[in-house]
Amino acid sequence: MRIYFLSYKPAILKLNGLYVGGIDLFERHVDVDLSDSIHAEIVPGENLQSVNFFINEKLTCNPPPFLDVYLMDGEALIYVREYGNKGLNLSVINQTRFCGNLITLFSQGGVYLSAEGADYSLLPLPARFANAVFEEKMLAGLPVLAVRGGNMLMIISDKGKRVFMNEVESATFSDVLEVTVGFETCTAAKAECVYDYDGEKLTLTASKTVETRPPEKSVVHFAFFECVLTCGDFSKYLDEELRERSGALKDYLGGFVSVTVPTEKFYAEHGDIKAAGLVYPKAENLFEVKYFAVDLNGDKISNVYPVE
């Protein structure tokens, strides 16, 4: 099986103790036999902990929590999503008293947020919160605490509960919460979302996806699948006949969570067809990639079908 390796931080890869090469966010691969149960060790810099695991059948059905595994046709992609920090001393990043709660953001082998009040909660957070800042806001007439770490926004209620966490480009607090979320798509799409707040939870009441640039003709099929994923007006990509059945297309494609470029092996087997990989959740940290292709009628899509 061909195994691709990705890491959110630059790292080196060792297989059975032997140095193989560097890995990062650019795909690199090796061909292995899963029955050999090869030991893999991935060693990052920045004083982060290395991770290790066996590349075998178990990995393709029950990955460890620090990995995301994507299963493709005779291939698999391993993405190291997080590394622990070697420094296990507790370090307070930020702390505030908010509506009778003591909110503490700290690092201890990872980043965590604790809320101590009428109840107690401890939340593990992405590394982007390592330099987060606090800001008190009013939302729907109620106090909330905005915690910003890079492009991530977390909102804590006056009861010390997390009610929102997502990447955002901007956020406006008023009678409602308005956020703009950017997507990494070939049209640089953005979602403009509006949420009502009742003091306990946020409820999405309006959402509009806007594409900020037209796609190049060579990637129009990617733009179509990404538009379906981001709940945009994907019917504009379809020819007149297929547009009449656009309502059924979303159900036909199912609950995919991202769109990916087919691998070199896929194109070697199927030729240069207009296809994309749709990523479907399969289990915890485990995903399956299914390939779908399109036929074009001029510059419009006339057919969408799975690639066998």
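Rules behind the numbers
- Residues numbered from 1 in each chain as written.
- Predicted model: local features only at pLDDT ≥ 70, side-chain atom pairs only at ≥ 80, totals over all residues.
- Heavy atoms only, no water.
- Helix = DSSP H or I, 4+ residues; strand = E, 2+ residues; numbered from the N terminus.
- Buried < 20%, exposed > 50% of the residue type's maximum accessible area, 1.4 Å probe, protein only.
- Contact = heavy atoms within 4.5 Å.
- Areas by Shrake-Rupley, 256 points an atom, 1.4 Å probe, with all protein chains shown as cover.
- Lys, Arg positive; Asp, Glu negative; His and termini not counted.
- Charge placed at Lys NZ, Arg CZ, Asp CG, Glu CD.
- Pairing = 2+ DSSP bridges.
- Axes fitted to C-alpha atoms, helices over the stretch in contact; angles between N-to-C directions.
- Phe/Tyr/Trp six-rings, centres within 6.5 Å; stacked < 30°, edge-to-face > 60°.
- Lys NZ or Arg CZ within 6 Å of the ring centre and 35° of its normal.
- Salt bridge = Lys/Arg side-chain N within 4 Å of Asp/Glu carboxyl O.

1. Concerning the overall build of the protein
Consideration 1: From N to C terminus, the protein includes 4 helices and 24 strands.
Consideration 2: Taking the principal axes of its C-alpha atoms as reference, the protein extends roughly 60 × 55 × 30 Å.
Consideration 3: Each of the 308 residues in the protein was classed as buried or not, and the buried ones make up 43%.
Consideration 4: Sequence-distant contacts, at least 24 apart, represent 43% of the contacts inside the protein between residues at least 6 apart.
Consideration 5: Just so you have it, the protein exposes about 16,000 Å², and 49% of that area is on carbon and sulfur atoms.
Consideration 6: Between the averaged position of the 28 positive side-chain charges in the protein and that of its 43 negative side-chain charges there is a distance of 4 Å.

2. Focus on the sheet that holds strand β13 (residues 133–139)
Consideration 1: One open sheet holds the 4 strands; their spatial order is β13-β14-β15-β16, and the pairing between them is antiparallel. Of all strands in the sheet, those with a lone pairing partner are β13 and β16 (162–167), marking the two edges. Going from strand to strand, the sheet's axes swing by 20° on average, the running direction of each strand aside.
Consideration 2: For β13 and strand β14 (residues 142–149), the ladder comprises 7 bridges, and the chain directions are antiparallel. Bridge pairing links E136 to L145 in β14.

3. Structural notes on the sheet that holds strand β9 (residues 91–98)
Consideration 1: Strand order in the open sheet formed by 4 strands is β9-β10-β11-β12, and the pairing between neighbours is antiparallel. If you trace the sheet from one side to the other, it starts and ends with β9 and β12 (120–125), each paired once. Strand-to-strand twist across the sheet, computed as the mean angle between neighbouring axes with direction ignored, equals 15°.
Consideration 2: Relative to strand β10 (residues 101–107), β9 runs antiparallel, the two sharing 7 bridges. Bridged to V92 within β10 is F106.

4. As for the environment of E226
Consideration 1: For E226, the location among the structural elements is in helix α1 (residues 220–229).
Consideration 2: The exposure class of E226 is buried, given its relative accessible area of 12%.
Consideration 3: Placed 22 residues apart in sequence, E226 and A248 show a C-alpha to C-alpha distance of 16 Å.
Consideration 4: Ignoring sequence-local partners within four residues, the contact set of E226 consists of E184, T185, C186 and V259.

5. Some remarks on the pairing of strand β7 (residues 67–72)
Consideration 1: In terms of residue burial, β7 counts as a mostly covered element, since 6 of its 6 residues are buried.
Consideration 2: Of the two faces of β7, both are covered, the one formed by L67, V69 and L71 as well as the one formed by D68, Y70 and M72.
Consideration 3: The turn joining β7 and strand β8 (residues 75–80), which pair antiparallel and follow one another in sequence, is formed by 2 residues; a positive phi near 75° is taken by G74.
Consideration 4: Two elements, β7 and strand β23 (residues 286–297), share 3 bridges in a ladder whose sense is parallel. For V69, the partnering residue across the bridge sits in β23 and is L286.

6. A short note on the packing of aromatic side chains
Consideration 1: Counted under the stated rule, the structure contains 11 aromatic pairs.
Consideration 2: A ring pair is formed by F106 and Y112, whose centres lie 5.6 Å apart and whose planes are at 25°; its orientation type is stacked.
Consideration 3: Relative to F292, the ring of Y252 has its centre 6.1 Å away and its plane inclined at 80°; by these criteria the two rings are edge-to-face. Separated by 40 residues along the polypeptide, Y252 in helix α3 (residues 246–253) and F292 in strand β23 bring together distant segments of the chain.
Consideration 4: A relative accessible area of 7% places F292 in the buried class.
Consideration 5: Among the aromatic side chains, those forming a connected cluster through ring pairs are F224, F225 and F234.
Consideration 6: Above the plane of the ring of Y280 lies K290, whose end atom (NZ or CZ) is 4.9 Å from the centre.

7. Structural notes on the pattern of salt bridges
Consideration 1: Under the definition given, this model contains 15 salt bridges.
Consideration 2: D119 is the salt-bridge partner of K161, the closest N and O atoms lying 3.7 Å from each other. Pair noted here: K161 is in the loop between β15 (152–156) and β16 and D119 is in the loop between β11 (111–116) and β12, with a separation of 42 residues, a long-range link.
Consideration 3: Between D198 and K201 there is a salt bridge whose closest N-O contact spans 3.1 Å.
Consideration 4: Its relative accessible area of 46% is what places D198 among the partly exposed residues.
Consideration 5: The structure contains a network of salt bridges with shared partners spanning D68, R81 and E82.

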